[in-house]
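# Per-entry structural report
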Amino acid sequence: KKLGVALVGLGYYSTDLLAPALQHTQQCYLSAIVTGTKAKESQWASQYGIKNSNIYNYDNFDDIKNNADIDIVYVVLPNSMHKEFTIRAAQAGKHVICEKPMALNAIECEEMILACKKNNVRLTIGYRLHFEPYTQHIMSLGKSLPFGDIKYIQAAAEFRTQPEDFPNSWRLKKSMGGGWMMDMGIYAIQAARYSKQMEPVAVTAQTANSRPQYFKEVTETTTAQLYFPDGSLAQITGTAATFVGNLTVAAADGQYYLSPFWTYEGIRGGTLSKPFDFPLVHQQVTQLDEMAISIRDNLPMRVEAEEGLKDMRVMDAIFRSIALGGKKVII
Ligand code: NAD
């Protein structure tokens, strides 16, 4: 059976990436939409052939519990709304894919995990890179350690943003989970953890802001040092100031990199002497199909919800360090 997916929040990522991907998936399909914008209802219904009875808004969302066409709810809302809609979906008895970052903080993540366990539904996070071959290779090198122990990791996830083009965006609002550490820095936290295959134990963090007229509540650039229990270090950055994103992993006897490391397409990398060579996959199609199989056949998830929680524990420590003027914070 192809599982039915309801997209909740029809903004950029749903419109440009997920809905088109759901036209190519084999294991799941776009069965329903949840939107607060009336005009999108008929537009999406005709574009994607969605039944009238499968269109919901944020108020009547809980009625999905009676809809057999919906197996999975995919939460693609501003970060501050992830917790509420994940818990409401779980209470409606639906499995949940929640976009990154999982929530505003680790406590919210724990509440989401608990709600899904209580309601006996699966919860996973939209970490598409876990389904991408170059990234998977970096993870396997972190386990096999062909160049000896990993001593230093550098990961910068940077998306050049022109805040003057969207002064009212939730991404500029702290209360909505905005800011570029939450938006892009999460990829750098992920990269540090999956490259090292170890959990950091302490953090120091700093911020910088070259355009304070736009970045008032959230910072333009956040950089942090993640300290691992074996004495190794990751230097990570999330920024809106420029547009590249690279990952370098330096081990005792050699190093390798991905550049860019977080994009939808075009991920490349190698050691200093030899490029990696992996096939291009459609990240969102691969992610959605594999998640649907895991849910349908009750198999382990490639991305368990705890993966999102672990990142938010690091994120919490980063914000705490910044609040303490860069002091070292134990995770
Ligand atoms: P967006 O601003 O384009 O879309 C957000 C949607 O939420 C809009 O349709 C908006 O109408 C709706 N919404 C409902 N209530 C709202 C409110 N109170 N304020 C603002 N919007 C409200 O954002 P996006 O880029 O689609 O991001 C949505 C989520 O997807 C975020 O969590 C983001 O981090 C994630 N995302 C993930 C990836 C990825 O590669 N995995 C890429 C982009 C975005």
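Residues numbered from 1 in each chain as written. Predicted model: local features only at pLDDT ≥ 70, side-chain atom pairs only at ≥ 80, totals over all residues. Heavy atoms only, no water.

Let's shift gears to the site of the ligand. What surrounds the ligand is a group of 22 residues, the closest being Tyr-12, Asn-79, Lys-100, Arg-128 and Trp-170. The contact in question runs from an oxygen atom of the ligand to an N or O atom on the backbone of Leu-77, over 3.2 Å. Between Arg-128 and the ligand, the recorded distance is 2.6 Å, taken from a side-chain N or O atom to an oxygen atom. Its free accessible area being 840 Å², the ligand has 79% of it covered by the protein chains. Elements with a minimum of two residues in the shell around the ligand: helix H1 (12–21) and helix H6 (180–196). When the residues that make up the shell around the ligand are grouped by side-chain class, the tally is 12 nonpolar, four polar and six charged. When residues are assigned to domains, the shell around the ligand turns out to be shared by domain 1 (3–126 + 285–303) and domain 2 (129–278), each giving three or more. (Near = heavy atom within 4 Å. Polar contact = N/O pair within 3.5 Å; in protein donor to acceptor, adjacent residues only side chain to side chain. Areas by Shrake-Rupley, 256 points an atom, 1.4 Å probe, with all protein chains shown as cover. Helix = DSSP H or I, 4+ residues; strand = E, 2+ residues; numbered from the N terminus. Nonpolar A, V, L, I, M, F, W, Y, C, P; charged D, E, K, R; others polar. Domains from an automatic or database assignment.)

The next point concerns the packing of aromatic side chains. Counted under the stated rule, the structure contains 10 aromatic pairs. Relative to Tyr-48, the ring of Trp-44 lies with its centre 5.4 Å away and its plane at 50 degrees, an arrangement referred to as tilted. Here the residue Trp-44 and the residue Tyr-48 both occupy positions in helix H2 (residues 38–48), the gap between them amounting to four residues, near one helical turn. In terms of burial, Trp-44 and Tyr-48 fall into one category: buried. By way of ring pairs, the aromatic residues Tyr-12, Tyr-13 and Tyr-264 are connected into one cluster. Between the NZ or CZ atom of Lys-328 and the centre of the ring of Tyr-227, over which it lies, the distance is 3.9 Å. (Phe/Tyr/Trp six-rings, centres within 6.5 Å; stacked < 30°, edge-to-face > 60°. Buried < 20%, exposed > 50% of the residue type's maximum accessible area, 1.4 Å probe, protein only. Lys NZ or Arg CZ within 6 Å of the ring centre and 35° of its normal.)

In contact at an axis separation of 10 Å, H6 and helix H8 (residues 305–323) are set at 115 degrees when each is read in the N-to-C sense. Overall, the two elements H6 and H8 adopt an arrangement that is roughly perpendicular. Seen from above, H6 lies across H8 with right-handed handedness. On H8, the residues touching Met-181, Met-182, Ile-186, Ile-189, Gln-190 and Arg-193 of H6 are Glu-307, Lys-310, Asp-311, Met-312, Val-314, Met-315, Ile-318 and Phe-319. A class-by-class count of the residues in the contact of H6 with H8 yields nine nonpolar, one polar and four charged. (Axes fitted to C-alpha atoms, helices over the stretch in contact; angles between N-to-C directions. Parallel < 35°, antiparallel > 145°, perpendicular 65-115°, else oblique. Left-handed = near helix turned anticlockwise from the far one by under 90°. Contact = heavy atoms within 4.5 Å.)

Turning to the sheet that holds strand S8 (residues 202–208), a few remarks are in order. Here eight strands make up an open sheet; going across it, the order is S13-S12-S11-S7-S10-S9-S8-S14 and the pairing mixed. Edge strands, defined here as strands with exactly one partner in the open sheet, are strand S13 (269–271) and strand S14 (329–330). Pairing analysis gives seven bridges linking strand S9 (residues 221–227) to strand S10 (residues 233–239), with the strands arranged antiparallel. Bridge pairing in S10 links Gln-225 to Gln-235. Packing of H6 onto the sheet brings it into contact with strand S7 (150–158), S9, S10 and strand S11 (245–251), and relative to S10 it is tilted by some 155 degrees. Against the sheet, H8 touches S8, S9, S10 and S14, its axis set at about 60 degrees to S8. (Pairing = 2+ DSSP bridges.)

Right, let's talk about the domain arrangement of the protein chain for a bit. When its domains are assigned, the protein chain resolves into domain 1 (3–126 + 285–303) and domain 2 (129–278). For domain 1 and domain 2, the distance between their C-alpha centres works out to 26 Å. Listed as interface residues are 16 residues of domain 1 and, on the opposing side, 12 residues of domain 2. Summed over both sides, the interface between domain 1 and domain 2 buries roughly 1,300 Å², with carbon and sulfur atoms accounting for 67% of that surface. Sorting the residues of domain 1 by area buried against domain 2 places Asn-79, Lys-100 and Arg-302 first, and these three jointly supply 35% of that buried surface. Here domain 1 and domain 2 share one salt bridge between them. In this structure, the salt-bridge partner of Lys-100 is Asp-183, at a minimum N-O distance of 3.4 Å. Taken together, the links from domain 1 to domain 2 amount to four residue pairs in polar contact (both at pLDDT 80 or more). (Buried area = accessible area lost by both parts, 1.4 Å probe. Salt bridge = Lys/Arg side-chain N within 4 Å of Asp/Glu carboxyl O.)

Bringing unusual backbone geometry into the picture now. The residue after Lys-100, namely Pro-101, is reached through a cis peptide bond having omega -20 degrees. Following the sequence through the fold, Pro-101 ends up in the loop between strand S5 (95–98) and helix H4 (106–118). Omega for the bond connecting Ser-259 with Pro-260 falls within 30 degrees of zero, at -5 degrees, which places this linkage in the cis form. Structurally, Pro-260 can be placed in the loop between strand S12 (254–258) and S13. With a phi close to 60 degrees, Asn-120 is a non-glycine residue in the positive phi region. If you trace the backbone, Asn-120 turns up in the loop between H4 and strand S6 (123–125). With a phi angle near 50 degrees, Leu-145 is a residue other than glycine that sits in the positive phi range. With respect to the element layout, Leu-145 can be found in the loop between helix H5 (133–144) and S7.

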